Amino acid sequence: MSKGGVQSGFTLDGGSFHFSPTLALNPEHIELEIQLDIPNHGFLGHCTTTIRSQSENSELTRTIQFNAESFYSILNVSSSPIGIKSYSYSGHSLEINFNESIPNSDQEFISIQYIIFNPISGLSFSSSTSNQTPNFVVSDHETERARYWIPCIDHPSVRTTYSVEISVPSEYTALACGKLISSTPTTPKQFEIPTFPSTLVSNTEFQQISTKISQFKLNSSQILTQYLPEFTQKSVPNTDESFSSTKTENESKENEQWTCWRWELEEICPSYLFCIAVGDFVKAELKRASTRNDMELEVFAPKLWYDANTLHCSFDSTGEMVDWMFKKLGRKLPWNKYFQVATGSGIGGAMENISLVTWDDSLLVNESMRLERGWIMDSVNVHEMAHSYFGNAVVMKGFAHAWLKESWASFMEVVYAEEHSHEMADSYGILWMKREGYFTESNAKYKRPMCCYKFDSSWDMFDRHLYPGGAWRLNMLRHYLGENVFWKAVQKYLDQYWNETADTHDFQRVLEKHSNVSLEMFFNQWFYSPGHLKIKVQMEYNVIEKSIGIQMEQIQMKES
Ligand SMILES: [Zn+2]
């Protein structure tokens, strides 16, 4: 329908292509230990990553690079059994050089100790001395923001299992993806976040200091005076005062009860879908789904602001949705549990982290609000749950194929509304409302193909093309193939790529195979090319013949 390529406006001049990385050293498991310091918005972290060599090329298996954006300090890096020769931290990535190449199919265990302080993104802290504002910590990684607090290869095609131990004062509950293994009393390590930010000293100087700080019992003043005496004298005039306040904090910490929460996620998970949430929460246990009676459905929100009744008003449809997904998609909702947590952290809408969905609490409804806005709550709930299938179990190969999750989740909102009697929004009501966003963007800003490898930032892909634009295309595809053929083929697609990554071609091929319909033209026009059909309609009324003549002309070719 229109020429290939992207109309100007979507990327800057010289925007680059983005393809999945080839991994000679593939991360398989991430073990995180974090001791949160909520008032100071930081933590002491220890990340052990298991990698496996999957290449005979010794040049490629000697070095690995992790994304590690703006870490406050890398304290120590080591590995076994090969061991490391050197490492360097640029402020954006951590490059590790091993003593020798890792033989094909062998594992190596990399240990990184580090400090995060006031992370720019990826992990939000809320702390206040006021008793009006709840304290909590919640992560939010989409699209590439795990790297602000977890050293990792931050790309959706790189998936690992996880285990995480979160140590927090005992009044807090710590949630994470996967299964709760234990919550046991613990004694926090004595550590203080150094009071000098890395930006105040040169990179080399800071790395030298960081590598020396391996004893967490050092407090900030000791670190400053021991490793950076000149800086201390010039920039921290009240060292004694600072030290005494530190002592007081340490003494109070000694009397505080702490708990270590251990969670394990057995399913392989891309970094953007891993999540933790910590807070003093109220909890509501929802009625379980009949298709997954073994799966706990629980929801959480800050106790200071919400009660269990609001959580029930907001989320009580969840169990029924789990059953509906099974009926529609032919597979039970995966995961051992399905928890949802709402905080005021600025999460835009909600985020479909594996088995721990996070919500912006502004969406929650009480009994009276439910009458007016309940359908919005349900739409978002269905959207996030649909991601368990489209995005989480079948993972996009890269952001070029992000429509395979977002367009699908938006489309499932419509299909759900179609089969449920929402007074405020039937299925076409939802599509109709949302289409304006797509048309405005497409007509006034830019047109891009749904499958698009060229973008400036992966976040740019999450536009109105991706949500309503793609949902409309899926709706057309459903009608093009017919209801029965379409859903059966979609179930085959889920079966074939369950726990795998998939791209646009994979989806097209499965649909073609199970429908016996060539979809080359459809996909070429609607997914690989920008724009949409535009028709100019002219009408003439012939008074003498008493007839109406209608002339229709496709005009989008002239526009592109
Ligand atoms: Zn989504």
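Residues numbered from 1 in each chain as written. Predicted model: local features only at pLDDT ≥ 70, side-chain atom pairs only at ≥ 80, totals over all residues. Heavy atoms only, no water.

## Quick word on the coordination of the zinc ion
Line of reasoning, step 1. Here the zinc ion is held by the protein donor atoms His383 (NE2), His387 (NE2) and Glu406 (OE), which lie 2.1 Å from it.
Line of reasoning, step 2. Between consecutive donor residues of the zinc ion, the sequence gaps follow H-x3-H-x18-E. Separated by four residues within a single helix, His383 and His387 lie in helix H7 (residues 367-389), roughly one turn from each other. His387 carries the same exposure label as His383, and that label is buried. (Donors = N, O, S within 2.8 Å, 3.2 Å for Na, K, Ca; no water. Helix = DSSP H or I, 4+ residues; strand = E, 2+ residues; numbered from the N terminus. Buried < 20%, exposed > 50% of the residue type's maximum accessible area, 1.4 Å probe, protein only.)

## As for a nonpolar patch on the surface
Line of reasoning, step 1. Taken together, the side chains of Leu533, Ile535, Val537, Met539, Tyr541, Val543, Ile544, Ile548, Ile550 and Met552 define a hydrophobic patch exposed on the protein surface, amounting to about 1,100 Å² of accessible area.
Line of reasoning, step 2. Looking at the nonpolar patch, the elements that each hand over two or more residues are strand S22 (535-542) and strand S23 (547-554).
Line of reasoning, step 3. Assignment of secondary structure puts Met552 in strand S23.
Line of reasoning, step 4. According to the relative accessible area criterion, Met552 is exposed, its value standing at 57%. (Patch = residues over 30% accessible without salt bridge, like charges linked within 9 Å, V, L, I, M, F, W, Y side chains within 5 Å. Areas by Shrake-Rupley, 256 points an atom, 1.4 Å probe, with all protein chains shown as cover. Salt bridge = Lys/Arg side-chain N within 4 Å of Asp/Glu carboxyl O.)

## Brief notes about the layout of surface pockets
Line of reasoning, step 1. The computed volume of the largest pocket comes to approximately 510 Å³.
Line of reasoning, step 2. As for the largest pocket, its lining consists of 27 residues, of which Gly348, Gly349, His383, Glu384 and Tyr467 are closest to the centre.
Line of reasoning, step 3. If you list the elements that add at least two residues to the lining of the largest pocket, you get strand S18 (350-351), H7, helix H8 (403-418), helix H9 (427-445) and helix H10 (465-481).
Line of reasoning, step 4. When residues in the lining of the largest pocket are grouped by element, the largest group, seven residues, is from H7.
Line of reasoning, step 5. Here the lining of the largest pocket is composed, by residue class, of 11 nonpolar, seven polar and nine charged. (1 Å grid on protein atoms, 1.4 Å probe; cavity = no way out; pocket = protein on both sides within 12 Å on 5 of 7 lines; lining within 4 Å. Points joined across faces, edges and corners; volume = space filled by probe spheres on them. Nonpolar A, V, L, I, M, F, W, Y, C, P; charged D, E, K, R; others polar.)

## Section: helix H6 (residues 318-329)
Line of reasoning, step 1. With 12 residues, H6 extends 16 Å from end C-alpha to end C-alpha; this agrees with the ideal 16 Å at 1.5 Å per step.
Line of reasoning, step 2. The element H6 is largely enclosed, with a buried count of nine among its 12 residues.
Line of reasoning, step 3. Residues of H6 that are buried in the fold lie against strand S16 (296-302), helix H5 (308-315), strand S17 (337-343), H7, H8 and helix H11 (483-497).
Line of reasoning, step 4. Downstream of H6 by a residue or two, Gly330 has a phi angle that is positive, lying close to 75°. (Expected span 1.5 Å × (residues − 1). Contact = heavy atoms within 4.5 Å.)

## Describing the packing of aromatic side chains
Line of reasoning, step 1. Evaluation of the coordinates by the stated rule reveals 36 aromatic pairs.
Line of reasoning, step 2. When the centroid spacing of 6.1 Å and the interplanar angle of 65° are considered together, the rings of Trp408 and Trp487 count as edge-to-face. Separated by 79 residues along the polypeptide, Trp408 in helix H8 and Trp487 in helix H11 bring together distant segments of the chain. For the pair formed by Trp408 and Trp487, the shared burial category is buried.
Line of reasoning, step 3. Between Lys328 and the ring centre of Trp487, over which it is positioned, the NZ or CZ distance is 4.9 Å.
Line of reasoning, step 4. Geometry around Trp498 places Arg331 over its ring, the cationic atom sitting 4.0 Å from the centre. (Phe/Tyr/Trp six-rings, centres within 6.5 Å; stacked < 30°, edge-to-face > 60°. Lys NZ or Arg CZ within 6 Å of the ring centre and 35° of its normal.)

## Concerning the state of the cysteines
Line of reasoning, step 1. Considering all chains together, one arrives at zero disulfides under this definition.
Line of reasoning, step 2. Unpaired in this structure, Cys269 has its nearest cysteine sulfur neighbour in Cys177, at a distance of 5.4 Å. (Disulfide = S-S within 2.5 Å.)

## Things to note about the environment of Glu441
Line of reasoning, step 1. Position of Glu441 among the secondary structure elements: in helix H9.
Line of reasoning, step 2. Spatially, the C-alpha atom of Glu441 lies 6.6 Å from that of Arg464, the residues being 23 residues apart in sequence.
Line of reasoning, step 3. Residue contacts for Glu441: discarding those within four places in its chain leaves Tyr446, Asp463, Arg464 and His465.
Line of reasoning, step 4. Reaching out from Glu441, the side chain makes a polar contact with the side chain of His465 at a distance of 2.6 Å. (Polar contact = N/O pair within 3.5 Å; in protein donor to acceptor, adjacent residues only side chain to side chain.)

## So, empty space enclosed by the protein
Line of reasoning, step 1. Summed over the entire model, instances satisfying the criterion amount to seven cavities of 30 Å³ or more.
Line of reasoning, step 2. For the largest cavity, the calculated volume is near 60 Å³.
Line of reasoning, step 3. Lining the largest cavity we find Pro27, Ile30, Thr49, Phe66, Pro151, Cys152, Ile153, Val158, Thr160, Tyr162, Cys269 and Ser271.
Line of reasoning, step 4. Those elements giving two or more residues to the lining of the largest cavity turn out to be strand S1 (25-37) and strand S10 (159-169).
Line of reasoning, step 5. Grouping the constituent residues of the lining of the largest cavity by class yields nine nonpolar, three polar and no charged.

## Considerations on the environment of Met396
Line of reasoning, step 1. Along the polypeptide, Met396 turns up in strand S20 (residues 394-396).
Line of reasoning, step 2. Given a relative accessible area of 2%, Met396 falls into the buried group.
Line of reasoning, step 3. The sequence separation of Met396 and Glu500 amounts to 104 residues, and the corresponding C-alpha distance is 8.7 Å.
Line of reasoning, step 4. Residue contacts for Met396: discarding those within four places in its chain leaves Pro156, Tyr272, Gly391, His401, Ala402, Lys405, Thr501 and Ala502.

## A word on the sheet that holds strand S14 (residues 276-279)
Line of reasoning, step 1. Read from one edge of the open sheet, four strands run S8-S9-S14-S11, paired in antiparallel fashion. Edge positions in the sheet fall to strand S8 (123-126) and strand S11 (173-176), since each has one partner strand and no second. On average, each strand axis in the sheet is tilted by 10° relative to the strand beside it, whichever way the strands run.
Line of reasoning, step 2. Where S11 lies against S14, four bridges are found, and the strand directions are antiparallel. Along S14, the bridge assignment pairs Leu175 with Ala277. (Pairing = 2+ DSSP bridges. Axes fitted to C-alpha atoms, helices over the stretch in contact; angles between N-to-C directions.)

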